[in-house]
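Residue-level structure breakdown
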Amino acid sequence: MLEKMSIAKKLLKNNMVHISRVCKSLNAAWPISIFKAPTNTELPSPPAIKVSDHIDNHQFVLSAKRGSEEVFDNHISIQVRLADDSKDLQKPVGTSSFLHTTINLLGIMLGLGMLSTPYALEEGGWMSLGVLLTLSLICCYTAFALARCLDFDPKVLNYQDIGNQAFGVKGRIIVSTFLYVEIIFIAIGYTISLGDNIAAIFVDTELHLSAWLHLTTPRLLTIIAVLIVLPTLWVRDLSSISFLSWGGVTTSVLLMFTLTWAGIFGGVGFSQNVPLINMHRIPVSTGLYAFCYAGHVVFPTIYRSMKEPSQFGKVIILSFVIVTAIYSGFACLGGTMFGSSVSSQITLNMPRHLLVTKFALWATVITPMSKYALQLSPVARELENLVASAWKPKPRGRMVTRIFIVSFLLFSILAMALALPYFGYVLALTGSFLSITMSIILPCIFYIKITRKTITLPMVLMNIAFIVLGFVLSICGTIASAKNLIDSIHSHART
């Protein structure tokens with residue numbers, strides 16, 4: 001036995017080159033090289049190599065306890081297995097099918113931004129659709145880049161982990177900061193949309209709370225709607241309301257149907273003119289279009305949840321094709337229906353006497369109300385953990401803490417939405433400053449950093465070009481949107 005082991009070890013040393021070559025072919029099953037880690041991050045140690053005691057014609061089996069894939073070389077047969085108890089090395093195995101993953105991605109990207117695409121088209125002109133297509137292609141690529149970053153370390157599970165993988169704790173802090181700020185701004189957009197559309201539903205309703213509270217009926221209706229939503233935020237286990245995340249797909253399909261119906265059968269028609277291009281309004285359009293593709297923060301989680309991660313590329317391409325077709329089609333419908341009079345929310349332009357308009361308005365009201373709990377959960381949990389780490393409350397005290405935190409968070413968002421009731425400019429600012437950063441700039445930076453030992457020069461140059469373009473679009477869009485927002489506030493104050 002000892003003699004056979006000695007022979008095997010000698011063969012292993014002599015055939016190291018062959019083993020290295022074969023291990024490279026295991027890329028799908030093993031995302032990192034056994035012999036050399038591709039990054040400077042701390043990766044799991046390679047498994048113990050065990051040589052079997054059966055050697056025949058210079059072929060032997062290396063059992064690394066991973067999976068069940070067997071790779072054959074001219075001289076070597078390697079079987080890699082991962083034991084169930086080897087948690088540090090285990091690559092997460094998901095359960096989501098191709099169809100389920102596609103629907104999840106569509107549900108993430110189809111939502112609030114759809115309402116403003118006709119307004120974005122009118123602002124930037126027909127040529128701005130080129131911006132929409134360009135952003136779609138770049139964001140589709142950065143989704144691939146994030147998945148590639150995940151393949152370098154099986155312990156990396158989400159966007160924050162990728163930031164930590166690239167730049168340590170500083171990277172995680174940067175990602176978390178942008179993530180939480182983006183969540184807050186999206187929730188503000190939800191609240192503005194909720195207020196505008198609920199006021200359109202109850203347009204003939206007059207509410208008066210008291211003489212000393214100078215609140216208009218739309219504001220009172222918005223406050224009432226937020227108070228109705230508040231108890232859903234107190235729930236810590238969101239699995240019971242996770243079905244509400246499907247609202248984005250349902251609402252998008254309903255809006256497309258109702259808008260087409262109003263144009264064909266509602267007497268509106270499609271005869272309005274849209275300018276070819278408005279160069280000075282392109283930055284605002286860019287921010288609105290960028291907001292439509294704000295979903296990269298959950299792409300890593302979706303990738304890890306797939307039963308067959310190798311299908312992620314097809315899922316991404318299919319999802320982006322569908323989303324871009326819906327957004328561009330919706331923009332063209334709304335733009336040619338209402339022209340220069342189009343609102344930042346297309347539902348506010350639809351004829352009020354039509355039944356389909358009522359469906360569209362109610363769908364636009366219910367969807368934000370159903371998403372508050374899921375949207376604000378990450379911020380609420382982070383604040384709750386910070387308070388709990390300092391206070392260390394008992395279970396009942398922790399529940400009281402959560403109620404106080406989420407209530408304060410929601411009322412703060414409500415106050416900001418009431419103070420900034422300019423849906424289009426808020427979305428454009430969010431898209432320019434936050435969405436472009438999270439969907440274009442950071443993924444490219446992380447990809448270059450994590451794959452720096454294997455990435456080719458053309459890929460480096462392409463990612464750098466995307467980073468520069470992202471910064472230019474972000475700066476121009478942020479300045480233009482912020483200026484318009486400030487001008488609107490001053491104009492409202494003077495009246």
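Above this text is the structure in question.
Quick caveat: nothing in here was measured; it's all calculated off a predicted structure.

Another aspect to go through is the overall build of the protein. On a plain count of helices and strands, the protein comes out with 15 helices and 4 strands. The buried share among the 495 residues of the protein stands at 51%. Across the protein, every contact between residues at least 6 apart in sequence was considered, and the portion connecting residues at least 24 apart equals 78%. Of the roughly 23900 Å² of accessible surface on the protein, 66% is carried by carbon and sulfur atoms.

Turning our attention to helix 11 (residues 312-338). Over its 27 residues, helix 11 extends 39 Å from the first C-alpha to the last, a length consistent with the 39 Å expected when each residue adds 1.5 Å. A positive backbone phi angle near 55 degrees is found at G339, which sits one or two residues after helix 11.

What follows covers empty space enclosed by the protein. Applying the stated criterion across every chain yields a total of 2 cavities of 30 Å³ or more. There is about 100 Å³ of room inside the largest cavity. In this structure, the largest cavity is lined by G111, L112, L115, Y190, T251, S252, L255, T364, T367, P368 and K371. Those elements that place two or more of their residues in the lining of the largest cavity are helix 8 (247-265) and helix 12 (355-391). Classifying every residue of the lining of the largest cavity by side-chain character gives 5 nonpolar, 5 polar and 1 charged.

The next subject is a nonpolar patch on the surface. A cluster of nonpolar side chains, contributed by W126, M127, L276, I277 and M279, occupies part of the molecular surface with about 520 Å² of accessible area. Summarising the element assignment, M127 is placed in the loop between helix 4 (117-124) and helix 5 (128-151).

As a further point, take the packing of aromatic side chains. Applying the stated criterion across every chain yields a total of 13 aromatic pairs. A ring pair is formed by W261 and F265, whose centres lie 4.6 Å apart and whose planes are at 50 degrees; its orientation type is tilted. Of the two residues, W261 and F265 are both situated in helix 8; the distance of 4 residues between them amounts to about one turn of the helix. Between F404 and F408, the ring centres sit 6.5 Å apart and the planes meet at 15 degrees, which makes this aromatic pair stacked. Note that F404 and F408 are positioned in helix 13 (residues 395-419) at a spacing of 4 residues, about one turn of the helix. One aromatic cluster is present, formed by Y293, F299, F320 and Y327 through successive ring pairs. Geometry around F167 places K449 over its ring, the cationic atom sitting 5.5 Å from the centre.

If you look at the biggest cluster of nonpolar residues, it comprises 115 residues, and the most contacted ones within it are Y293 and L376. The contact partners of Y293, leaving out residues within four places of it in the chain, are M109, L132, L135, S136, C139, F320, V323, T324 and S439.

Scanning the entire structure with this criterion turns up 4 salt bridges. A salt bridge links E123 to R281, with the nearest nitrogen and oxygen atoms 2.2 Å apart. Here the residue E123 occupies a position in helix 4, and R281 occupies one in the loop between helix 8 and helix 9 (282-292), the gap between them amounting to 158 residues. Taking relative accessible area as the criterion, E123 reaches 12% and is therefore assigned buried. The shortest N-O distance in the salt bridge between K483 and D487 comes to 3.2 Å. You can see K483 and its partner D487 sitting in helix 15 (residues 457-494), 4 residues apart, about one turn around the helix.

Moving on: the state of the cysteines. Following the criterion strictly, the structure yields 0 disulfides and no others. No disulfide involves C444; its nearest neighbouring cysteine sulfur is the one of C139, lying 9.3 Å away. With relative accessibility at 0%, the residue C444 sits in the buried group.

Here we take up the environment of F257. With respect to the helices and strands, the residue F257 is situated in helix 8. Taking relative accessible area as the criterion, F257 reaches 47% and is therefore assigned partly exposed. For the pair F257 and V356, spaced 99 residues apart in sequence, the C-alpha to C-alpha distance is 8.6 Å.

Now for the packing of helix 5 against helix 9. Running from N to C, helix 5 and helix 9 cross one another at 35 degrees; their axes reach a closest spacing of 10 Å. The chirality of how helix 5 crosses helix 9 is right-handed. Between helix 5 and helix 9, the contacting residues are S128, L129, V131, L132 and L135 on the first element and I282, S285, T286, Y289 and A290 on the second. Of the residues contributing to the contact of helix 5 with helix 9, the split by class is 7 nonpolar, 3 polar and no charged.

Rules used in this analysis
- Residues numbered from 1 in each chain as written.
- Predicted model: local features only at pLDDT ≥ 70, side-chain atom pairs only at ≥ 80, totals over all residues.
- Heavy atoms only, no water.
- Helix = DSSP H or I, 4+ residues; strand = E, 2+ residues; numbered from the N terminus.
- Buried < 20%, exposed > 50% of the residue type's maximum accessible area, 1.4 Å probe, protein only.
- Contact = heavy atoms within 4.5 Å.
- Areas by Shrake-Rupley, 256 points an atom, 1.4 Å probe, with all protein chains shown as cover.
- Expected span 1.5 Å × (residues − 1).
- 1 Å grid on protein atoms, 1.4 Å probe; cavity = no way out; pocket = protein on both sides within 12 Å on 5 of 7 lines; lining within 4 Å.
- Points joined across faces, edges and corners; volume = space filled by probe spheres on them.
- Nonpolar A, V, L, I, M, F, W, Y, C, P; charged D, E, K, R; others polar.
- Patch = residues over 30% accessible without salt bridge, like charges linked within 9 Å, V, L, I, M, F, W, Y side chains within 5 Å.
- Salt bridge = Lys/Arg side-chain N within 4 Å of Asp/Glu carboxyl O.
- Phe/Tyr/Trp six-rings, centres within 6.5 Å; stacked < 30°, edge-to-face > 60°.
- Lys NZ or Arg CZ within 6 Å of the ring centre and 35° of its normal.
- Core = buried A, V, L, I, M, F, W, Y, C linked by side-chain atoms within 4.5 Å.
- Disulfide = S-S within 2.5 Å.
- Axes fitted to C-alpha atoms, helices over the stretch in contact; angles between N-to-C directions.
- Left-handed = near helix turned anticlockwise from the far one by under 90°.

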